[in-house]
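# Fold and contact review
In case you want the letters, here they are:
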Amino acid sequence: MGTVPSALKHCLSYQHLLKEQLWIAEPPAASHPAQEPQASGLPEYVKIVEVGPRDGLQNEKVIVPTDIKIELINQLSKTGLPAIEVTSFVSSKWVPQMADHKEVMRGIERHPGVQYPVLTPNLQGFHSAIAAGATEVSVFGAASESFSKMNINCSIEESIERFEEVTKSARSMNIPVRGYVSCALGCPYEGNVVPDKVAEVSKRLYSMGCYEISLGDTIGVGTPGSMKKMLEAVMKEIPLSALAVHCHDTYGQALANILTAMQMGVSVVDSSVAGLGGCPYAKGATGNVATEDVIYMLNGLGINTGVNLCAVMEAGNFICTALNKKTNSKVAQASFSTGTIN
Amino acid sequence: ASGAYPKRVKVVEVGPRDGLQNEKNLVPTPVKINLINMLSETGLQVIEATSFVSPKWVPQMADHTEVLQGIKKSPGISYPVLTPNLRGFQAAVAAGAKEVSIFGAASELFTQKNINCSIEESLERFEEVMRAAKEASIPVRGYVSCVLGCPYEGKISAAKVAEVSKKMYSMGCYEISLGDTIGVGTPGSMREMLAVVMKEVPVGALAVHCHDTYGQALANILVALQMGVSVVDASVAGLGGCPYAQGASGNVATEDLVYMLNGLGIHT
């Protein structure tokens, strides 16, 4: 079917293909009736929460210099992303990558209209975050007792009590809190996780004041089948508009799972630029779903995100160069390939 | 909306042909044979074995006769081979082929660049193959390339895909595999294309052949399943890069597809 060099020589450059034919550079105009998202039951707009600088970098082995982190976040701030998770106010003993949380928080440009949430595992972290200028925080629960014990050394119930302290403080200061539920589709220690358990923990977090619950497929084992079952259970307890999905691509299922979630009405999706962040539970496995790949899909579906894919790819290119690693984004791989002709 | 999924899906394994064809290293014949024999033990019902094309064009497939004759043919498993023209067809049958495939495209430019003729001319070539195949009672599978985008033309109209698919189906192909050759498709364009094609070809005769170049393959396959498609092509280990974008990935991996189907409770 043709040898490689001659095929490359004549075909449209990928930049050309992307920009002109496939609406990559710009969000789709309203006048594309064939792609009306409402007709197919999909949301018109999806909010993308960029977790690369925190969840992504946290799972990268190389310690990233503070100024690189700041530059990455500044670049992401220019892409149209509405929310960028900046760092984690956790003890540097546990997560050395996030030891520079104060410097990062203070060093980044704060663009109007962009949220910069930070993780705060407890009241101490919360106070530290506020002192450093944070205006939104996140707390991390889990749907698995074993995971909770292994990860933060306490039971789910104890962790909820800790978070309640945070949300109470946050409420008194008008600081919004986002709640994460890990292991929503499976646990590296327990295996199967019951959807009702996910619903129960989600409800606890929502009731204590979290404005949004991000359901995390922490080890990426979920499939459209388990995603659907889990969401059905959670949607009985939490309004759809307060739900987000945080899918890992460890088994290549992320986009299919995200699509399933959107078909059920979920309109907030977490992702990581360049698919930063491997899986700490399976060496060599991939981790977060790549923001570029999610946006590509959403653009193709006619769903508005406000995000410029090319700008995200540039930020991804920047951090991968700095980390001396290959991107995990297939879109970026296809677009930055050395064989394309401009 | 997420409708019901098919209860069973036929997975067509294209690794030994489509996969290896796009790998740079020439694979020794015994390794190819071993691969196919191992795949025959997995429960896969269809394994595309090789391509009876001139070795001048596709050196990787030069050993087509040896491979087809060398593999252990398990009962109940089909081992289709590509036959771009009558000569290839005859060579394939002489080597023991019991099923063949022909490759059309929904793009004029792609057809020109790939096989040096127009779509119309390529269909005439296939007519010869169809006639011979009918006489020999050999089933023929038809592929349509570039269904969601072309590396030369860019956007491809769904109507064109439907037109080519219909012609190949009317010619006698028992199944039409719709190929997102450069993987640019998304669930949106997949849905749009299938809706149009399904007006011309019954969904039971349709298959999807998605490339994962932009990571969209499983999402695209999911949508196809939701629309009633129940035959999906995939390549073991995701073998085969993309010849149109150096460094980019190519075929969707059979393992990842089966993982998803298992999770959906779909029998394979």
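Residues numbered from 1 in each chain as written. Chains lettered and ligands numbered in written order. Predicted model: local features only at pLDDT ≥ 70, side-chain atom pairs only at ≥ 80, totals over all residues. Heavy atoms only, no water.

### Here's the deal with the overall build of chain A
What counts, and what does not: Counting from the N terminus, the helices are DSSP H or I runs at least four residues long and the strands are E runs at least two residues long. Working definition: with a 1.4 Å probe on protein chains only, accessible area under 20% of the residue-type maximum means buried, over 50% means exposed, and in between means partly exposed. Here, residues are in contact when the closest pair of their heavy atoms is within 4.5 Å. For accessible areas, the Shrake-Rupley method is used with a probe of radius 1.4 Å. Any residue's cover is judged against the shown protein chains and nothing else.
Along its length, chain A carries 14 helices and 9 strands. For chain A, buried positions account for 58% of its 342 residues. Counting contacts in chain A only where the partners sit at least 6 residues apart, residues at least 24 apart contribute 76% of the total. Accessible area of chain A: about 13,200 Å², with a carbon and sulfur share of 52%.

### Quick word on the confidence of the model for chain B
Quick note on the threshold: In predicted models, pLDDT denotes the confidence assigned by the predictor to each residue on a 0 to 100 scale.
The share of residues in chain B with pLDDT of 70 or more is 98%, and the mean pLDDT across the chain is 95. Predicted as a complex, the structure gets a pTM of 0.91 and an ipTM equal to 0.92.

### As for the sheet that holds strand β8 (residues 206–210) of chain B
All names here are of chain B. We apply this condition: Strand pairing is assigned whenever DSSP detects at least two bridges linking the two strands. To obtain an axis, a line is fitted to C-alpha atoms, over the contacting stretch when the element is a helix, and the angle between two such axes runs from 0 to 180 degrees between their N-to-C directions.
Taking strand neighbours across the sheet as the criterion, the 9 strands line up as β2-β1-β9-β8-β7-β6-β5-β4-β3 in an open arrangement whose pairing is parallel. Here the strands that pair on one side only, and so sit at the sheet edges, are β2 (46–47) and β3 (50–51). Pairing of β3 with strand β4 (residues 81–82), which is carried by 2 bridges, proceeds in the parallel orientation. Its bridge partner lying in β4, Thr50 is registered against Val81. Set on the sheet, helix α10 (residues 254–263) makes contact with β1 (10–13) and β9 (231–234); between it and β1 the angle comes to about 175 degrees.

### So, the nonpolar core
The test is simple: By nonpolar core is meant a set of buried Ala, Val, Leu, Ile, Met, Phe, Trp, Tyr and Cys residues that side-chain atoms within 4.5 Å join together.
Among the nonpolar cores identified, the biggest contains 186 residues, and A:Leu205, A:Leu215, A:Ile258, A:Met262, B:Leu178, B:Met193 and B:Ile221 are the most heavily contacted of them. Those residues in contact with B:Leu178 that lie beyond four places of it in its chain are B:Val144, B:Val147, B:Val161, B:Ser165, B:Met193, B:Leu194, B:Val197, B:Leu206, B:Ala207, B:Val208 and B:His209. Among the nonpolar cores identified, the runner-up in size contains 8 residues, and B:Val12, B:Val14, B:Val46 and B:Phe103 belong to it.

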